[in-house]
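One-letter residues, chain by chain:
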Amino acid sequence: MTVTTPKGFRASGVAAGLKSGGGLDVALVVNDGPDTTVAGVFTANRVKAAPVLWSQQILKGGIVRAVVLNSGGANACTGSQGFRDTHATAEHTAAALRGGPKPLLVGAGDVAVCSTGLIGELLPMDKLLPGVSAAVKTLRPDGGAAAASAIMTTDTVAKNAVAHGAGWSVGGMAKGAGMLAPALATMLVVLTTDAVAGSEALDTALREATRLTFDRIDADGCMSTNDTVLLLASGASDVQPTQEELTAAVTAVCADLAHQLINDAEGATKHIAIEVLGAASEADAVQVGRTVARNNLVKTALFGNDPNWGRILAAVGTTDAAFVPDRIDVAVNGVWVCRGGAAAEDRSKVDLKGRDVTITVHLHEGEMSATIRTTDLSHAYVHENSAYSS
């Protein structure tokens, strides 16, 4: 159930001393081929970390043989030295792989780099580079679990997922627990497949999957500088699925990982699905759902187990989506507390004792729908993000 479930991949996770509390903090995923195609999507934040700029650049060549990832430091807002450090990391990884137990003909331009952690500080290269060397020496066909653990920061659990096709599969790992917002979220994700697929097919599958999954989780409305999602194909299964089959499998893995990300969001006591129905367009549905997800009054009400539908309706009213206020219906956990923009069923019927909450907003303007996933705003979230420097 990891990135090494598809054939043709090895991975590892080691402790290099980057995290103040110890633990695994350097991960490596290697594509042994025979194919080396790749696709990627990155943060839309205009302030981009050095590893994002590096990885965006090398993906233009259409080939990635390895992904090296570190927690314990974002290498973001670190100027020209930060970019040089990223380049040096790729160079060191490539050299170690060329001279490793299973030598690979790989150059720095074939190595993607991902980092996560504190923004604004240079990475301790005297620790990182030996960690990369150790990661190369410990690469294993079953090393996916260690790699997933090594990229955790405030995550409480490692996140892995797999989907199977007919003779081929897609695997994935992810990290992310805070700053979860669209485009993408504060996430690092590596997806692998042993399907035979060109870069264009991978790109189509990944962008559709991201649009429907990672771009629709929004814990706190904050966008990171380091978001990276990579999809690597080894072709080791010798099976070429259709575009529809590939997209479906990649979407299934991304949906699973997105669900795990929002379930592990910092300080959350509620996992909230905001279903928007009857929208005139998908864009309207997404906008309404995202606006409700980011509304602090809604989030705090749910933390207090209060089905305050007035706050939900007020949030919807701040959007430019097509709707008539007197036609909107709102349900909380299946109880239609608002019909036609006014009070309906008794709000005391709503049971909010559990972790899972569903808010349904029906606009009565068309046939389009979308679901945005978010969390409540708790004391624990405020404490964690004031006590932990991120």
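Here, every reference points to the structure presented above.
Quantities reported herein were computed from a predicted structural model and do not represent experimental measurements. (Residues numbered from 1 in each chain as written. Predicted model: local features only at pLDDT ≥ 70, side-chain atom pairs only at ≥ 80, totals over all residues. Heavy atoms only, no water.)

Asker: How do you make sense of the layout of surface pockets when you look at a structure like this?
Answerer: The calculated volume of the second largest pocket comes to roughly 160 Å³. Surrounding the second largest pocket, Leu212, Thr213, Arg216, Ile217, Ala255, Ala258, His259, Ala370, Thr371 and Arg373 form its lining. Taken together, the elements giving at least two residues each to the lining of the second largest pocket come down to α6 (243-263) and β15 (368-375). (1 Å grid on protein atoms, 1.4 Å probe; cavity = no way out; pocket = protein on both sides within 12 Å on 5 of 7 lines; lining within 4 Å. Points joined across faces, edges and corners; volume = space filled by probe spheres on them. Helix = DSSP H or I, 4+ residues; strand = E, 2+ residues; numbered from the N terminus.)

Asker: Would you explain the sheet that holds strand β12 (residues 335-339) in this entry?
Answerer: Strand pairing in a sheet takes place through backbone hydrogen bonds and is either antiparallel or parallel in direction. Strand order in this open sheet of 6 strands is β13-β12-β11-β14-β10-β15, and the pairing throughout is mixed. Looking at which strands have only one partner, the edges of the open sheet turn out to be β13 (342-343) and β15. Taken together, the 7 bridges between strand β10 (residues 271-279) and β15 define a ladder with antiparallel strand orientation. When the sheet's bridge partners are listed, Ile272 is paired in β15 with Thr374. On the sheet, helix α9 (residues 309-316) packs against β11 (329-332), β12, β13 and β14 (356-362) and is oriented at approximately 135 degrees with respect to β11. (Pairing = 2+ DSSP bridges. Contact = heavy atoms within 4.5 Å. Axes fitted to C-alpha atoms, helices over the stretch in contact; angles between N-to-C directions.)

Asker: Please explain the pairing of strand β3 (residues 37-42) as it appears in this structure.
Answerer: Each regular strand carries side chains that alternate between the two faces of the sheet. In terms of burial, β3 is a largely internal element, 6 of the 6 residues being buried. Neither face of β3 is exposed, since Thr37, Ala39 and Val41 on one face and Val38, Gly40 and Phe42 on the opposite face are all buried. Both β3 and strand β9 (residues 228-233) contribute to a ladder of 6 bridges, which runs antiparallel. Paired with Val41 across the bridge in β9 is Val229. (Buried < 20%, exposed > 50% of the residue type's maximum accessible area, 1.4 Å probe, protein only.)

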